[in-house]
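Structural overview
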Amino acid sequence: MPDPLVFMMGKFEARIPTDRLYFESHLWAQPNGNLLRVGFSSYAVRLLQDVYFLDWQIDADTIVRHKQAIGEIESSKATSTLYAPADGQVVRFNEALLNDPSLINADNHERGWLYEFATSTPLLQPGDYIKVLDAGWENTQRVLKNQFNE
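Everything in this summary refers to the structure shown in the same document. Predicted model, so just to flag it, every value in this text is computed and none were measured.

What counts, and where the lines are drawn
Counting from 1, residues in each chain are numbered in the order their sequence is written. With the structure being a predicted model, the display of local features is reserved for residues of pLDDT at least 70 and the display and counting of side-chain atom pairs for 80 or more, all residues being used for whole-chain, interface and lining totals. The basis for every side-chain value is the complete set of heavy atoms in the structure, and neither hydrogens nor water enter the calculation. Strands are runs of DSSP state E lasting at least two residues, helices are runs of H or I lasting at least four, and both sets are numbered from the N terminus onward. The contact rule is simple, with two residues in contact once any of their heavy atoms fall within 4.5 Å. Accessibility throughout is a Shrake-Rupley quantity obtained with a 1.4 Å probe, and a residue counts as covered only by protein chains that appear here. Charged residues are defined here as Lys and Arg on the positive side and Asp and Glu on the negative side; His and the ends of the chain fall outside this count. Each charge is placed at NZ for Lys, CZ for Arg, CG for Asp and CD for Glu. The definitions used throughout rest on a 1 Å grid laid over the protein atoms alone, on which a cavity is an enclosed set of points accommodating a 1.4 Å probe that cannot get out and a pocket is an open set flanked by protein within 12 Å on both sides along at least five of seven lines; lining residues are those having an atom within 4 Å of a point. Grid points are joined across faces, edges and corners, and a volume is the space filled by probe spheres set on the points. Gly is put with the polar residues, along with every residue not named as nonpolar or charged; the nonpolar set is Ala, Val, Leu, Ile, Met, Phe, Trp, Tyr, Cys and Pro, and the charged set is Asp, Glu, Lys and Arg. Polar contacts here mean pairs of N or O atoms no more than 3.5 Å apart (in protein, one a potential hydrogen donor and the other a potential acceptor; neighbouring residues in sequence count only if both atoms are side-chain atoms). We treat two strands as partners when DSSP finds at least two bridges between them. As a rule, the C-alpha atoms of each element are fitted with a line to give its axis, helices using only the stretch in contact, and angles between N-to-C directions run from 0 to 180 degrees. Any pair of Phe, Tyr and Trp rings, taking the six-membered ring for Trp, is counted once the centres come within 6.5 Å. Such a pair is stacked with planes under 30 degrees apart, edge-to-face with planes over 60 apart, and tilted for the rest. Only protein chains enter the accessibility calculation, which uses a 1.4 Å probe; a residue whose area is less than 20% of its type maximum is buried, one above 50% is exposed, and one in between is partly exposed.

1. A closer look at the overall build of the protein
- Across its full length, the protein carries 4 helices and 11 strands.
- Along the first, second and third principal axes, the C-alpha atoms of the protein reach 40 × 35 × 25 Å.
- When contacts within the protein are restricted to residue pairs at least 6 apart in sequence, long-range pairs at least 24 apart make up 57% of them.
- A total of about 8,300 Å² of accessible surface is found on the protein, and carbon and sulfur atoms cover 47% of it.
- Taken as two groups, the 13 positive and 20 negative side-chain charges of the protein have centres that lie 6 Å from each other.

Following this line, the structure appears as structure tokens:
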């Protein structure tokens, strides 16, 4: 695998593998046959921190619309709703995560994938995803600072 791109989140690195594509919602998508295997980017994992609960609100083989609620994730930082990254079909879930969601933290680019997805939506190349991160980083830092100062 080629060297990943790196986005610096302060003193922490978010590694962006170049062998996959990205959604603006901080998910990677790697071709797996006719489907895309989808998982959280390193940027998202760093913001979530320790994931300890994951639940899906839909069944496999469900047609979804962009930004439709599809599940929920709980971490040491927050409980968050998971949304469909684009119009498409969630075909299959990574069942291993239901028993051990810590795989998202331990191995988010391999064993910690979330689901397999079919979509015709164009995705971001790794360099374009870095531009999205860079454009939003200042605002993200402000949000994080406000959370810690409450």
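Next comes the rest of the description.
2. Quick look at the environment of Phe23
- Among the structural elements, Phe23 can be located in strand 3 (residues 21-23).
- When sequence neighbours within four positions are dropped, the list of residues in contact with Phe23 reads Ala29, Val38, Pro85, Ala86, Phe117, Leu123, Leu124 and Tyr129.

3. Things to note about the layout of surface pockets
- Taken as a whole, the largest pocket spans an internal volume of roughly 990 Å³.
- Along the walls of the largest pocket sit 38 residues, with Ser25, His26, Phe40, Ala44 and Leu47 positioned nearest its centre.
- Elements with a minimum of two residues in the lining of the largest pocket: strand 3, helix 1 (42-48), strand 8 (69-75), strand 9 (79-83) and helix 4 (126-148).
- Residue composition of the lining of the largest pocket, by class: 25 nonpolar, 10 polar and 3 charged.

4. Observations regarding the side chain of His109
- Structurally, His109 can be placed in the loop between helix 3 (103-106) and strand 11 (115-118).
- Looking at His109, its side chain comes within polar contact range of the side chain of Asn108, at 3.5 Å.
- Not counting chain neighbours up to four residues away, the residues in contact with His109 comprise Arg15, Pro17, Arg20, Trp28 and Ser42.

5. What about the sheet that holds strand 9?
- Here we have 3 strands laid out as an open sheet, ordered 6-8-9, and antiparallel in their pairing. Bordering the open sheet on either side are strand 6 (51-56) and strand 9, each of which pairs with just one other strand. Looking at each pair of strands side by side, their axes are set apart by 25° on average, direction ignored.
- Sheet topology places strand 8 next to strand 9; 5 bridges connect them, and they run antiparallel. Bridging from a neighbouring strand, Gly71 pairs with Leu82 of strand 9.

6. Some thoughts on the pairing of strand 2 (residues 12-16)
- Judged from the 5 bridges that link them, strand 1 (residues 5-9) and strand 2 form a sheet pairing that is antiparallel. Within the sheet, the bridge partner assigned to Met9 lies in strand 2 and is Phe12.

7. A short note on the sheet that holds strand 3
- Ordered in space as 3-4-5-11-10-7, the 6 strands form an open sheet in which the pairing is antiparallel. Edge strands, defined here as strands with exactly one partner in the open sheet, are strand 3 and strand 7 (62-64). Averaged over all neighbouring strand pairs, the angle between strand axes comes to 35°, with direction disregarded.
- Pairing of strand 5 (residues 35-40) with strand 11 involves 3 bridges; the strand directions are antiparallel. The residue of strand 11 that forms the bridge with Val38 is Tyr115.

8. Overview of the packing of aromatic side chains
- Per the stated rule, a full pass over the model turns up 8 aromatic pairs.
- Here the aromatic rings of Phe7 and Trp137 are separated by 5.9 Å at their centres, their planes lie at 85°, and the arrangement is edge-to-face. Highlighted residues: Phe7 in strand 1 and Trp137 in helix 4, separated in sequence by 130 residues. In this pair, the class of Phe7 matches that of Trp137, namely buried.
- On the numbers, 5.9 Å between centres and 75° between planes, the contact of Tyr115 with Phe117 is edge-to-face. In terms of burial, Tyr115 and Phe117 fall into one category: buried.
- Three or more aromatic residues link up through ring pairs in this structure, and these residues are Phe23, Trp56, Phe93, Tyr115 and Phe117.

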